[in-house]
Amino acid sequence: MFAGLWARGAALECRSASATLGKLPRQTSLRCLHQSSPTAAAHARSTPLASSRAFTRKAAAPRRPFDPRFFSANAAQAEVPAGQLPVLSPPAVGGWLLASAGLVFAVIVVGGVTRLTESGLSITEWRPITGVLPPLSQAQWEEEFEKYKATPEFKLLNHSISLEEFKGIFFWEWSHRVLGRIIGIGFVVPLAYFALRKRLTSTLPKHLTAMAFLIGAQGALGWYMVKSGLEDSLMTTPGAVPRVSQYRLAAHLGTAFVLYAGMFGTGLSALMDWRYATKGSWGGFKENGAAKWQEVLNNPLVKKFSRNTKALTVLVFLTALSGAFVAGLDAGLLYNEFPLMGGRLAPPADELFDPAYAKSPDYSDIWWRNIFENPTTVQFDHRCLAIATYAATTALFLATRKPALRAVLPPLTRRMATSAFAMANIQVLLGISTLLYLVPIPLAAAHQAGSVMLLTTMIHLLVSLRKPGAAARAWRQALAQRKKTA
């Protein structure tokens, strides 16, 4: 829009130049901000086309000090001749990625409710296309109910369930699956559009394509997880409970976390790069952000803080992943007290490493099988990881209060460290409440959502210490040179 207004203003003031330009081939809409050498500039001025452009720019100069197309999200991604400004993703790309991350957040929460209401095994088939529509007639509902009656879950747990009750659990699983399809379409279609229009920074296409494949793999992994709860062998296994494998549940949830982190972090980075390129804003500095980032990131104290932040982010992810094992084994229904477990800090060793969980004749697998398959050990591990995460988050926050580090950290980094500490407190309260009240659905769902929010604050904290991308730096340098010569 702005480019069109600029072009019309120039044409009104110098019709002769427009007539000359009209006879020439159409040129690309994005040009180098200025010639890089006197020789190149002299050669450019010697051509009729360059003379016409110079006359047009001279006439339009009082109206626009520099070409507004450099600040248009719509025109910024036009074709660029080789050796000139690289493609810089417009804010629309960042907004789309953040919206996609929001949908992944929603599907994680809905998936948590689906598990808590024991609805995940209500749909016994995987139909990626036709499964979008739920049963629409009484006959179709009866057919779906008959399929569910053949499952181990119905035979062992829900044999007295009615059709109306079945519709309730069916709704949650169907909503979870449909939301996953919406995420796929909402990601792949805009990705194709931005890629075809050449509006993606050079490093983005391969990363975003990997995310697209991960979305598809996530759907297949979800069905692989559900199949583990539909196996007929559950009917003949002593003490077996019809539920999905905790390993597959952890893989499914972990993949969702990775996908969310990738979308959120990439979208946030794209928006920050745009602000840096067009406004020189970085790290929350009100002034001279473009001139400070190198000095800040090269500071030894900041480098150490950045390493600690990365380690804490990994710890947050592992704690959330351990929660999937707690959920998969219903381990939250044991030891509903805190901070003690059965009146002591830790359960007895023979309970934590019960030989009954070993399957090898020489008991060589007793350690890892108890860690991942013994509900008591799984809950104890989750407690230990959660306490470690809270302690590390507190230590990171307190570090930002030290005068030496506080003086060199960007304002945005300090705010996000405070946000992470606040979210860690909320998450601890949610986790303890969920345990004490025997895992009520609202509290348990909020606890799972809280794990995503804590990861969100950590990703934002990491991005606040990220240096601007190469394309953003090139644009910023070109704009600064343009202003000097304007």
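Residues numbered from 1 in each chain as written. Predicted model: local features only at pLDDT ≥ 70, side-chain atom pairs only at ≥ 80, totals over all residues. Heavy atoms only, no water.

**Points about the confidence of the model for the chain**
Next, step 1: When pLDDT is averaged along the chain, the result is 86, and 83% of the positions lie at 70 or above.
Next, step 2: Confidence over residues 1-83 falls short of pLDDT 50; this stretch has 87 contacts with residues more than four positions distant or in other chains. (pLDDT = per-residue confidence, 0-100. Contact = heavy atoms within 4.5 Å.)

**Comments concerning the side chain of Thr377**
Next, step 1: By secondary structure assignment, the location of Thr377 is in helix H15 (residues 375-399).
Next, step 2: Excluding anything up to four places from it in sequence, Thr377 contacts Glu351, Leu352, Phe353, Asn370 and Ile371. (Helix = DSSP H or I, 4+ residues; strand = E, 2+ residues; numbered from the N terminus.)

**What to know about the packing of H15 against helix H17 (residues 411-436)**
Next, step 1: As a packed pair, H15 and H17 sit with axes 9 Å apart at the nearest point and diverge in direction by 155°. Considering the angle they form, H15 stands roughly antiparallel to H17. Considering how the two elements wind past one another, H15 and H17 form a crossing that is left-handed. Contacts between H15 and H17 involve Gln379, Arg383, Tyr390, Thr393, Thr394 and Phe397 on the former and, on the latter, Ala417, Thr418, Ala420, Phe421, Ala424, Asn425, Val428 and Leu435.
Next, step 2: For the contact of H15 with H17, the residue count by class is 8 nonpolar, 5 polar and 1 charged. (Axes fitted to C-alpha atoms, helices over the stretch in contact; angles between N-to-C directions. Parallel < 35°, antiparallel > 145°, perpendicular 65-115°, else oblique. Left-handed = near helix turned anticlockwise from the far one by under 90°. Nonpolar A, V, L, I, M, F, W, Y, C, P; charged D, E, K, R; others polar.)

**Notes on the nonpolar core**
Generally speaking, a soluble globular protein has its nonpolar side chains buried in company with each other.
Next, step 1: Ranked by internal contacts, the top residues of the largest apolar core, which has 71 residues, are Trp96, Phe187, Leu208 and Met263.
Next, step 2: Among the elements that take part in this core, helix H10 (residues 246-279) stands out by supplying 13 residues, more than any other.
Next, step 3: Contact partners of Trp96, with chain neighbours within four places excluded, come to Gly186, Phe187, Pro190, Leu191, Phe194 and Leu208.
Next, step 4: One finds Trp141, Tyr148, Leu163 and Ile169 within the second-largest nonpolar core, a separate group that totals 10 residues. (Core = buried A, V, L, I, M, F, W, Y, C linked by side-chain atoms within 4.5 Å. Buried < 20%, exposed > 50% of the residue type's maximum accessible area, 1.4 Å probe, protein only.)

**Thoughts on the packing of H10 against helix H18 (residues 441-463)**
Next, step 1: Across the interface, H10 lies against H18 with an axial gap of 10 Å and an inter-helix angle of 35°. Classified by chirality, the crossing of H18 by H10 is right-handed. Contacts between H10 and H18 pair Leu253, Phe257, Tyr260, Ala261, Phe264, Gly265, Leu268, Ser269 and Met272 from the former with Gln448, Ser451, Val452, Leu455, Thr456, Ile459, His460 and Val463 from the latter.
Next, step 2: Grouping the amino acids of the contact of H10 with H18 by side-chain chemistry returns 11 nonpolar, 6 polar and no charged.

**Considering the packing of aromatic side chains**
Next, step 1: As enumerated under the stated definition, the model contains 21 aromatic pairs in all.
Next, step 2: For the pair Phe166 and Phe170, a centre-to-centre distance of 5.8 Å together with 55° between the ring planes defines the contact as tilted. Pair noted here: Phe166 and Phe170 are both in helix H8 (residues 163-196), with a separation of 4 residues, about one helical turn. For the pair formed by Phe166 and Phe170, the shared burial category is buried. (Phe/Tyr/Trp six-rings, centres within 6.5 Å; stacked < 30°, edge-to-face > 60°.)

**Regarding the environment of Ala480**
Next, step 1: With respect to the helices, strands and loops of the structure, Ala480 is situated in helix H19 (residues 470-485).
Next, step 2: For Ala480, a relative accessible area of 31% corresponds to the partly exposed category.
Next, step 3: Once the C-alpha coordinates of Ala480 and Thr278 are considered, the two residues, 202 residues apart in sequence, prove to be 9.8 Å apart.

**As for the pattern of salt bridges**
Next, step 1: Per the stated rule, a full pass over the model turns up 12 salt bridges.
Next, step 2: Salt-bridge contacts for Glu144 lead to Arg127; the nearest nitrogen and oxygen are separated by 3.5 Å. Highlighted residues: Glu144 in helix H6 (residues 138-149) and Arg127 in the loop between helix H5 (91-116) and H6, separated in sequence by 17 residues.
Next, step 3: Judged by relative accessible area, Glu144 falls into the buried class, the value being 7%.
Next, step 4: By relative accessible area, Arg127 is classed as partly exposed at 34%.
Next, step 5: Residue Glu173 pairs with Arg177 through a salt bridge whose shortest N-O separation is 2.8 Å. Highlighted residues: Glu173 and Arg177, both in helix H8, separated by 4 residues, approximately one helical turn.
Next, step 6: Take Glu173: its relative accessible area is 4%, and that puts it in the buried class.
Next, step 7: The class for Arg177 is buried, based on a relative accessible area of 16%. (Salt bridge = Lys/Arg side-chain N within 4 Å of Asp/Glu carboxyl O.)

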